[in-house]
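# Topology and contacts: notes
Single-letter residue listing:
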Amino acid sequence: FFRLKRAGKLVIVANGEPALTALDVLSGEVVWRFCDRLRFASSVAVDHDALFAIAGDGALVGRGGVRLYQLDPWSGASRFSVELPRHLSPVGAPLLSPETVVVVGHGRRGTELVAFDRNTGELRWDHVACATAASCLAVDQTIVVNSEGGELIAFDAATGAVRYRHVFVGGA
């Protein structure tokens, strides 16, 4: 399977190999490759001049971990990488807000959100969003979580504070 993401005139390819590849969209030529010992199996997130990618997956937790990378989307140069909590199995591409990059994952306690500073990779906050599986969405400075149990929760992306929580009758 291939996960594709556009970055200007580049197509970033993540296909489960221990490398991300950027191709020129018109010619198909390889512009850059970024390699790691862990596999890039999830979609990447691109915003302005930053690309965020997760290397590793749930099968590798405990055997080398999972890392979040920030890369320059035009050159493939690494700006930072941080190890994610060992108990977290990331789901999907990182969510981007103006100040933070949020990794959504399944952990021992349910759906978790782990937020890092976009520029430095410093941990900003870590919360269990809900005890069930959930889908998540970034809207400006808000992370919206829609749980299987019928809860809709919004977190401030910069601080992790709950902005609002609604429980809908009838569950999911």
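Below is a summary of the structure that appears in this document.

The next point concerns the pattern of salt bridges. Applying the stated criterion across every chain, the model contains nine salt bridges. Measuring nitrogen to oxygen at the nearest pair gives 3.0 Å for the salt bridge that ties R118 to D47. Placement of the pair is R118 in the loop between β12 (110-117) and β13 (123-130) and D47 in strand β5 (residues 45-47), with a sequence separation of 71 residues. With relative accessibility at 8%, the residue R118 sits in the buried group. In this structure, the salt-bridge partner of E112 is R109, at a minimum N-O distance of 3.5 Å. Three or more residues joined by partner-sharing salt bridges are found here, namely R67, E83 and R86.

Bridge analysis of strand β16 (residues 151-156) against strand β17 (residues 162-167) gives five bridges, and the strand direction is antiparallel. Paired with E151 across the strands is V167, a residue of β17. In this antiparallel pair of consecutive strands, β16 and β17, the connection spans five residues, and G160 shows a positive phi of 85°.

Attention now moves to the sheet that holds strand β8 (residues 78-83). Spatially, four strands are ordered β5-β6-β7-β8 in an open sheet, and the strand pairing comes out antiparallel. Each edge of the sheet is formed by a strand with only one pairing partner; in this case those strands are β5 and β8. Neighbour-to-neighbour, the strand axes of the sheet open up by a mean angle of 15°, direction not taken into account. In this structure, strand β7 (residues 67-71) lies alongside β8, joined through five bridges in antiparallel fashion. The residue bridging Y69 from the neighbouring strand is S81, located in β8.

About the criteria used
Residues numbered from 1 in each chain as written. Predicted model: local features only at pLDDT ≥ 70, side-chain atom pairs only at ≥ 80, totals over all residues. Heavy atoms only, no water. Salt bridge = Lys/Arg side-chain N within 4 Å of Asp/Glu carboxyl O. Helix = DSSP H or I, 4+ residues; strand = E, 2+ residues; numbered from the N terminus. Buried < 20%, exposed > 50% of the residue type's maximum accessible area, 1.4 Å probe, protein only. Pairing = 2+ DSSP bridges. Axes fitted to C-alpha atoms, helices over the stretch in contact; angles between N-to-C directions.

By themselves, these observations are geometric and do not establish any function.
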